[in-house]
Amino acid sequence: GIQVEQSPPDLILQEGANSTLRCNFSDSVNNLQWFHQNPWGQLINLFYIPSGTKQNGRLSATTVATERYSLLYISSSQTTDSGVYFCAVGRGTASKLTFGTGTRLQVTL
Amino acid sequence: GAVVSQHPSRVICKSGTSVKIECRSLDFQATTMFWYRQFPKKSLMLMATSNEGSKATYEQGVEKDKFLINHASLTLSTLTVTSAHPEDSSFYICSASFAPSGSNEQFFGPGTRLTVL
């Protein structure tokens, strides 16, 4: 099956700092999503981005499908950004998602 | 839009009992729903794909007689953990695919935390 790796596994930032999270995948995909899992376990959709670039406030994402990676940018981080960030990919018509290993982000004051 | 609910949010049961978890798409029809399992500090692992009106497709290593899935309508899928044992304790999360314009974006429920004593 498709392999999905995320880096870094852990990240500690001071409030206001910027960061880049990376997601590498091993095969072509037609679905790529970024999620933020909050402390209660809820997965919050950040981006649906099988290709191209999108921005939403302080967050933006870029997927280079031909090179099999995606990047999530967080600017001016806030303590509420803390949590685990997952990318997940899918391929084919069923489009079941394979999740990456996650990046655990902690933003401190 | 694209809201998915799960019930219950938390359940504690005795070993040997069965537990049913409901997953509902509240404001859209979902022909396909998915069930995932997450252990503490781990990633999500897909258990099965649930299609309305047909049998679920289970991932390798997932016991279909242990984890019964029913997708009776376009807005409801249920996961029943039969004869639960402590090793079944986990966080179970469902998702539904919302495809108003042909995309296959998935939206997730809030999860159900199962503890088997």
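On a predicted model such as this, the values are computed, not experimentally measured, just so you know.

Rules used in this analysis
- Residues numbered from 1 in each chain as written.
- Chains lettered and ligands numbered in written order.
- Predicted model: local features only at pLDDT ≥ 70, side-chain atom pairs only at ≥ 80, totals over all residues.
- Heavy atoms only, no water.
- Pairing = 2+ DSSP bridges.
- Helix = DSSP H or I, 4+ residues; strand = E, 2+ residues; numbered from the N terminus.
- Axes fitted to C-alpha atoms, helices over the stretch in contact; angles between N-to-C directions.
- Disulfide = S-S within 2.5 Å.
- Buried < 20%, exposed > 50% of the residue type's maximum accessible area, 1.4 Å probe, protein only.
- Contact = heavy atoms within 4.5 Å.
- Polar contact = N/O pair within 3.5 Å; in protein donor to acceptor, adjacent residues only side chain to side chain.
- Nonpolar A, V, L, I, M, F, W, Y, C, P; charged D, E, K, R; others polar.

Caption draft 1: Representation of the sheet that holds strand β8 (residues 76-81) of chain B within the structure. All names here are of chain B. With antiparallel pairing, the 4 strands of this open sheet are ordered in space as β1-β3-β8-β7. Of all the strands in the sheet, just β1 (4-7) and β7 (67-73) have a single pairing partner and so form its edges. Between one strand axis and the next, the sheet turns by 15° as a mean value, whatever way the strands run. Summarising the sheet, strand β3 (residues 19-25) and β8 pair through 6 bridges and their orientation is antiparallel. Across the sheet, the residue bridging to Ile 21 is Leu 79, located in β8.

Caption draft 2: Representation of the sheet that holds strand β8 (residues 69-74) of chain A. All names here are of chain A. The strand order across the open sheet formed by 5 strands is β1-β3-β8-β7-β6, and the pairing between neighbours is antiparallel. The outermost strands of the open sheet, each flanked by one partner alone, are β1 (4-7) and β6 (52-56). On average, each strand axis in the sheet is inclined to that of its neighbour by 15°, with strand direction left out of account. Pairing of β6 with strand β7 (residues 59-64) involves 5 bridges; the strand directions are antiparallel. The residue of β7 that forms the bridge with Asn 56 is Leu 59.

Caption draft 3: Spotlight on the state of the cysteines. Residue and element names in this part refer to chain A. Tallied over the full model, the rule gives 2 disulfides over all chains. The side chain of Cys 23 participates in a disulfide bridge whose partner is Cys 87; the two sulfur atoms lie 1.9 Å from each other. Residues Cys 23 and Cys 87 are joined by a disulfide whose S-S torsion is about 65°; by sign, that bridge is right-handed. Linking Cys 23 in strand β3 (residues 19-25) with Cys 87 in strand β9 (residues 83-90), this pair joins segments that are 64 residues apart in sequence.

Caption draft 4: The pairing of β3 of chain A, seen in detail. All names here are of chain A. Going residue by residue along β3, you find Ser 19, Leu 21, Cys 23 and Phe 25 tucked away on one face and Thr 20, Arg 22 and Asn 24 left uncovered on the opposite face. Across 4 bridges, β1 lies against β3 in antiparallel orientation. Residue pairing in the sheet places Ser 7 in a bridge with Arg 22 of β3. Pairing of β3 with β8, which is carried by 6 bridges, proceeds in the antiparallel orientation. Of the residues in β8, the one forming a bridge with Ser 19 is Ile 74.

Caption draft 5: Just the interface of chain B and chain A, in detail. Counting residues at the interface gives 21 residues for chain B and 20 residues for chain A. At the junction of chain B with chain A, the criterion picks out 9 residue pairs in polar contact (both at pLDDT 80 or more). If you list the elements that add at least two residues to the side of chain B that touches chain A, you get β4 (32-38), β5 (44-51), β9 (90-97) and β10 (106-108) of chain B. Here the residues of the side of chain B that touches chain A sort into 9 nonpolar, 7 polar and 5 charged.

Caption draft 6: Broad picture of unusual backbone geometry. Cis geometry marks the peptide bond from Ser 7 of chain A to Pro 8 of chain A; its omega dihedral reads -10°. Structurally, the position occupied by Pro 8 of chain A is in the loop between β1 and β2 (10-14). Following His 7 of chain B, the chain continues to Pro 8 of chain B via a peptide bond in cis, the omega torsion being 0°. Along the polypeptide, Pro 8 of chain B turns up in the loop between β1 and β2 (10-13). At Arg 68 of chain A, a position not held by glycine, the phi torsion is positive, near 60°. Relative to the helices and strands, Arg 68 of chain A resides in the loop between β7 and β8. Note on Arg 68 of chain A: relative accessible area 35%, which makes it partly exposed. In this model, Lys 41 of chain B sits at a positive phi of 60°, which is unusual for a non-glycine residue. Structurally, Lys 41 of chain B can be placed in the loop between β4 and β5.

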